[in-house]
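The chain contents come next:
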Amino acid sequence: MKGFIFTRILAGITIIAAVFIGIALGLSLAATANIRHQENFVEFAPALPTKILDINGRLITEFSADEKRELVSLSELPRHLIYAVLAREDPDFYNHRGFSIRGIARAAFGQLTGRNLGGGSTITQQVAGTLYTDRTEYSISRKIRELWWSFQLERRYTKNEILEIYLNYMYMGPGTYGVEAASKYFFGHGAREISLAEAAILVIQLSSPARYNPLDNPNTAMDRQRVVLDRMIEFGYTTAEEAEASFNDYWDNYDYTRASTSAYYNREDAAPWFSEYVRRELDGMMYGTMDYYRDGYTVYTTLDLSFQEAAAKFMEQGLIRANREFSGSQGTRLIRAERVYAPIVDLLSLYFNLGEIHATSEAQNEQKALARYTKIVNPVVDMAALIFGVQDLKVLTNTAYVDLKNTTEQNVVEGALITIENETGYIKAIIGGSRYDESNQLIRATQGRIMPGSSFKPLYYSAAIDSRKFNAASLIYDLPMVFHNENGTPYIPLNFRGEWKGPVLLYEALAQSMNVPSLKILDGIGFDAAIDRAAALLGIDDPDEKRRTFPRVYPMGLGIISVAPIQMARAFAVFANQGRDVTPMAIRSVEDRNGRVVLDTERELRIRQRRMGGDIQVISPQNAYVMTGLLKKTVETGTLAHGSGWGSKFTFRDEDGNRYRIPAAGKTGTTQNWADAWTVGYTPYYTTAIWFGFDKPGNSLGLSLTGATLAGPVWGDYMREIHLGLEMKEFARPDSGIIDVTVCSETGLLKTSACPGDITLPFLAGTQPTGYCDVHSSRMPINSLASLDTLRLDTLSINDNVLGELRMPELRQDLLPNRGTTEIRSGRGGSPQTGTGLTGNENPRLFTESPDYEPELPNYNPLLD
């Protein structure tokens, strides 16, 4: 014990000795001619915020996250604020020369006795320590440097100037610096309108912002505020009556429900999700001493605030609708459960003596009571714990909030949107979730790992088109079927409503999002081709990531993988950009405060893309054009027709009043159990991906909320708004390698006059059908067969440069259909089997020569396939 006391005494003597040595050294240095003639200062320069600008130069926000500061002159501040600072921090400020012997002695005595008697630093020392030293360093050398700079400040600046620097520079709470920013943060108004009691609250932040934060610790702040007011009364700066009245007014109007958050989250921000994405990008780009919080950069971005405003508007509408319908359907399910299933469970529990599952059991009542406490009682208890300073109770309420947050993540519908300009990769808008704040910072548009459902199908359809085993008119059967994975496990896919369409063309299977035909296509090209193409379109190069993302099982073909909306938008933008690489980017360039370009992100990207040469083609222009043709059918007649208003949302008028329709293409997606709803679509200008779903799995949006009914209309409304005023523009058609062919809408073969309908589809040259429809032509009168030459008219629309490669097909009697069945491939890719499915370009043999013959489907057992 004696040794401990001796150590403290020795430490105190050492500190005092060091202080006096420092004072003597500082006085001698200040008197030298060198110091008098050469100002050796770091000039006071408050940190400047970094400005984030959109594509048109409009301010999005400013980054000053840890230093929210607004300068104010001393003459503009009320006298009672200055008096409060002097009373609390340095009553002798206008009398000393930068240091206080009494303050130093008091601090040293506190060190010796182990008591907190306050610091020994004057206001000048605090400014010197903040500007020129690291105040987190507790050492004698630091105190000596602080004293030396204090003398220089006193010599260079007037007392009022030092006090003004102090009031504008010091840290005063969550992300705020200076009295002006702190006053706006705590009280909602500037320091010029501050009251006496509010001034006392601000002053105590100078010594310990965390401990005396009135939002986190109102009782502690109240006690310390009293001390400051009493000191002001003691020094004659105010009267007891004025102090009491101001004190009571402040706490009578105090908002106990407000939480303490960083000023970063309270900043004005026209696009908070995009700003946060840019901030994270800057984290990876800035190097060395570059600090975007302090150095005043100007960041030129790709965002268009008009797009962002439209995205926020329509996504909010979609989220409101989704949560309203989800809550309603959930309530309906609960009512049905209570009325229908609960009595059955009760009966079984009573009959078999299973008290644990009895609907009126103690466990059920406990669960209901817990839910009521979490939602209703806990917020009240939490407020009471805050008011009365019961920390143990606060811990319990925080635990309840965690449980409530987990429940919310499973029961609140979230959403995401991202728009990319096809040719440039510019990110034009980002919505990362329902709202942006401290508790909701996951940018789902870029960070989410979500199952894309059927919106994934076009990625491997692209590989199927290039394989030349399939084309837009390939006939495929949509019937129940068993697929066997590589490990032998069977997989039986179902369609959306359990409906089966029978024979369909490939384009229709994609437009109507049919599962069995899609998996037959996946089976026909193999996993390797499908995975390689999907990875290339999604921008996945790393072999390990590729292996983790794409499981080699058939459910992969239905989008049972995890990707981010930005990846899906990039994949579809490649289709729109003639197969060329699209790299999403948010930052074009960054300038420092002097206008010098320090980061030229876009220029560097364009140089890399030019160096890629032919490798910039992710897929061929011909493949991209065929895929766009297929996906246009989804918008015109498929699952996205409703969302696009059957194309009407892309119909505009020019200056002369003439109507024109900008073409659009896309795909919807709904995952298993209706958990996620997607739409990814594009025009010649922009690509947008939209998702709705839950942050945590385990819930269903319900049958009424799908990619077609929820995400689709939001996509259509939003895309219409961002295309207003744009000129007509078609998807670019390759100069060669593409043939448009009009085929029978039922068989996919060249149309005849007997075909009930036809459709014109794009084909890779050489993959187009060459035989006439023999299903409907077999029912034609024999005398009409002689006029087949007339049926060839208007059947092919071809490019001149491939005209010489084509031969018009001849109708041969030996090719007329024979009675029998067709062959299909099993789900395992094995040998042909007798069945009802058709794949590839096989000509269907559905009818014999007899026009009255109607085929009978064979007995089909998918379990034996």
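For the structure itself, look to the data block above.
Note that the structure is a prediction, hence the values are computed from the model and not measured.

Each value, and the rule that gives it
Residues numbered from 1 in each chain as written. Predicted model: local features only at pLDDT ≥ 70, side-chain atom pairs only at ≥ 80, totals over all residues. Heavy atoms only, no water. Helix = DSSP H or I, 4+ residues; strand = E, 2+ residues; numbered from the N terminus. Buried < 20%, exposed > 50% of the residue type's maximum accessible area, 1.4 Å probe, protein only. Areas by Shrake-Rupley, 256 points an atom, 1.4 Å probe, with all protein chains shown as cover. Axes fitted to C-alpha atoms, helices over the stretch in contact; angles between N-to-C directions. Parallel < 35°, antiparallel > 145°, perpendicular 65-115°, else oblique. Left-handed = near helix turned anticlockwise from the far one by under 90°. Contact = heavy atoms within 4.5 Å. Nonpolar A, V, L, I, M, F, W, Y, C, P; charged D, E, K, R; others polar. Core = buried A, V, L, I, M, F, W, Y, C linked by side-chain atoms within 4.5 Å. Salt bridge = Lys/Arg side-chain N within 4 Å of Asp/Glu carboxyl O. Polar contact = N/O pair within 3.5 Å; in protein donor to acceptor, adjacent residues only side chain to side chain. Pairing = 2+ DSSP bridges. Phe/Tyr/Trp six-rings, centres within 6.5 Å; stacked < 30°, edge-to-face > 60°. Lys NZ or Arg CZ within 6 Å of the ring centre and 35° of its normal. Patch = residues over 30% accessible without salt bridge, like charges linked within 9 Å, V, L, I, M, F, W, Y side chains within 5 Å. Lys, Arg positive; Asp, Glu negative; His and termini not counted. Charge placed at Lys NZ, Arg CZ, Asp CG, Glu CD.

**Remarks on the overall build of the protein**
Reasoning step 1: Along its length, the protein carries 27 helices and 23 strands.
Reasoning step 2: Looking at the protein as a whole, 50% of its 865 residues qualify as buried.
Reasoning step 3: Accessible surface, the protein: about 40,900 Å² in total, of which carbon and sulfur atoms supply 52%.

**Things to note about the environment of Phe575**
Reasoning step 1: As for its position among the elements, Phe575 is in helix α22 (residues 565–576).
Reasoning step 2: Taking the C-alpha atoms as reference, Phe575 lies 9.3 Å from Val618; in sequence the two are 43 residues apart.

**Describing the packing of helix α10 (residues 218–234) against helix α11 (residues 240–252)**
Reasoning step 1: Where α10 meets α11, the closest approach of the two axes is 10 Å, and the angle between their N-to-C directions is 160°. Between α10 and α11, the interaxial angle falls into the category roughly antiparallel. Seen from above, α10 lies across α11 with right-handed handedness. In this structure, α10 uses Pro218, Met222, Gln225, Arg226, Leu229 and Ile233 to contact α11, whose residues at the interface are Ala240, Ala243, Glu244, Phe247, Tyr250 and Trp251.
Reasoning step 2: Partitioned by chemical class, the residues of the contact of α10 with α11 number 9 nonpolar, 1 polar and 2 charged.

**Topic: the nonpolar core**
Reasoning step 1: By size, the foremost hydrophobic cluster in this structure holds 106 residues, and its most contacted members are Phe274, Leu282, Ile430, Phe550, Met556, Phe572 and Val590.
Reasoning step 2: With 9 residues, the top contributor of residues to this core is α22.
Reasoning step 3: Not counting the four nearest positions on each side in its chain, Phe572 is found in contact with Ser455, Pro458, Leu459, Leu631, Gly666, Lys667, Val680, Tyr682 and Thr687.

**Overview of the pattern of salt bridges**
Reasoning step 1: The tally for this structure, following the rule as stated, stands at 27 salt bridges.
Reasoning step 2: In this structure, the salt-bridge partner of Arg58 is Glu309, at a minimum N-O distance of 3.4 Å. Taken together, the positions of Arg58 in the loop between β1 (50–53) and β2 (59–63) and Glu309 in helix α13 (residues 305–351) put the pair 251 residues apart, joining distant regions of the chain.
Reasoning step 3: A relative accessible area of 38% places Arg58 in the partly exposed class.
Reasoning step 4: Under the relative-accessibility criterion, Glu309 is labelled partly exposed at 47%.
Reasoning step 5: With a closest N to O distance of 2.9 Å, Asp466 and Arg533 form a salt bridge. Of this pair, Asp466 sits in helix α17 (residues 457–467) while Arg533 sits in helix α20 (residues 527–538), and the two are 67 residues apart along the sequence.
Reasoning step 6: Judged by its relative accessible area of 29%, Asp466 falls in the partly exposed class.
Reasoning step 7: Bridged by salt links that share partners, the residues Glu76, Glu180, Lys184 and Arg192 form one connected network.

**Concerning the packing of α20 against α22**
Reasoning step 1: One can describe the packing of α20 onto α22 by two numbers: an axis separation of 7 Å at closest approach and a directional angle of 100°. Viewed along their axes, α20 and α22 adopt a mutual orientation that is roughly perpendicular. Listed contacts from α22 to Ala536, Leu537 and Leu538 of α20 are Gln567, Met568, Arg570, Ala571, Val574 and Phe575.
Reasoning step 2: Classifying every residue of the contact of α20 with α22 by side-chain character gives 7 nonpolar, 1 polar and 1 charged.

**Section: the side chain of Ser462**
Reasoning step 1: By the element assignment, Ser462 lies in helix α17.
Reasoning step 2: Looking at Ser462, its side chain comes within polar contact range of the side chain of Arg533, at 2.6 Å.

**Description of the pairing of strand β7 (residues 427–431)**
Reasoning step 1: Among the 5 residues in β7, 5 count as buried, and that is most of the element.
Reasoning step 2: In this sheet, β7 lies alongside strand β6 (residues 414–421) in antiparallel orientation, the contact comprising 4 bridges. When the sheet's bridge partners are listed, Leu417 is paired in β7 with Ile431.
Reasoning step 3: The turn linking β6 back onto β7 is made up of 5 residues, and Gly425 within it adopts a positive phi angle of 80°.

**Some remarks on unusual backbone geometry**
Reasoning step 1: The backbone phi angle of Ser513 is positive, close to 55°, even though this residue is not glycine.
Reasoning step 2: Its location among the elements puts Ser513 in the loop between α18 (506–511) and α19 (515–525).
Reasoning step 3: Classification of Ser513 as buried rests on a relative accessible area of 14%.
Reasoning step 4: Despite not being glycine, Asn673 shows a phi value in the positive range, around 65°.
Reasoning step 5: Residue placement: Asn673 occurs in the loop between β16 (665–670) and β17 (677–682).

**A look at the packing of aromatic side chains**
Reasoning step 1: Under the defined criterion, the tally for this structure stands at 24 aromatic pairs.
Reasoning step 2: Ring geometry for Tyr250 versus Trp251: centroids 4.9 Å apart, planes at 90°, classification edge-to-face. Each member of the pair Tyr250 and Trp251 is classed as buried.
Reasoning step 3: An aromatic cluster of three or more residues is present, and its members are Tyr185, Phe186, Phe187, Phe247, Tyr250, Trp251 and Tyr254.
Reasoning step 4: When the ring centre of Tyr157 is taken as origin, the NZ or CZ atom of Arg156, which lies over that ring, is 5.5 Å away.

**Overview of a negative patch on the surface**
Reasoning step 1: On the surface, Asp654, Glu655, Asp656 and Glu727 cluster together into a patch of negative charge.
Reasoning step 2: Along the chain, Glu727 falls in the loop between α25 (707–723) and β19 (738–744).
Reasoning step 3: Looking at Glu727, the relative accessible area reads 62%, which means it is exposed.

**So, the side chain of Thr742**
Reasoning step 1: Turning to its location among the elements, Thr742 is positioned in strand β19.
Reasoning step 2: Residue classification places Thr742 among the buried positions, given a relative accessible area of 9%.
Reasoning step 3: One polar contact links Thr742 to Thr760, side chain to side chain, over a distance of 2.8 Å.

**Brief notes about the sheet that holds β1**
Reasoning step 1: Across the sheet, which stays open at both edges, the 5 strands sit in the order β2-β1-β5-β12-β13 with mixed pairing between neighbours. Edge positions in the open sheet fall to β2 and β13 (597–599), since each of these has one partner strand only. Each strand of the sheet is rotated relative to its neighbour by a mean of 25°, with strand direction disregarded.
Reasoning step 2: Where β1 meets β2, 4 bridges bridge the pair, whose relative direction is antiparallel.

**Some remarks on the environment of Ile560**
Reasoning step 1: Note on placement: Ile560 falls in the loop between α21 (543–549) and α22.
Reasoning step 2: Sequence spacing of Ile560 and Phe550 is 10 residues, and the spatial spacing of their C-alpha atoms is 8.5 Å.
Reasoning step 3: In contact with Ile560, other than residues within four places in its own chain, are Met451, Pro551 and Pro555.

**Quick notes on the pairing of β16**
Reasoning step 1: Counting buried positions over the 6 residues of β16 gives 5, a clear majority of the element.
Reasoning step 2: The pairing of β16 with β17 spans 6 bridges and is antiparallel. Bridge pairing in β17 places Thr668 opposite Thr679.
Reasoning step 3: Hairpin connection from β16 to β17: 6 residues lie between these consecutive antiparallel strands, with Asn673 at a positive phi of about 65°.

**Let's talk about α25**
Reasoning step 1: Where burial is concerned, most of α25 is hidden: 13 out of the 17 residues are buried.
Reasoning step 2: Measuring from the backbone nitrogen of Ala708 back to the side-chain oxygen at the start of α25 gives 3.2 Å, which picks out Thr706 as the cap.
Reasoning step 3: Just downstream of α25 lies Gly725, where phi reads positive at about 90°.

**Let's talk about the sheet that holds β16**
Reasoning step 1: The antiparallel open sheet is built from 5 strands, whose spatial order is β7-β6-β18-β17-β16. Of all the strands in the sheet, just β7 and β16 have a single pairing partner and so form its edges. Averaged over all neighbouring strand pairs, the angle between strand axes comes to 5°, with direction disregarded.
Reasoning step 2: Where helix α24 (residues 621–636) meets the sheet, its contacts fall on β16 and β17, and the angle it forms with β16 comes to roughly 65°.

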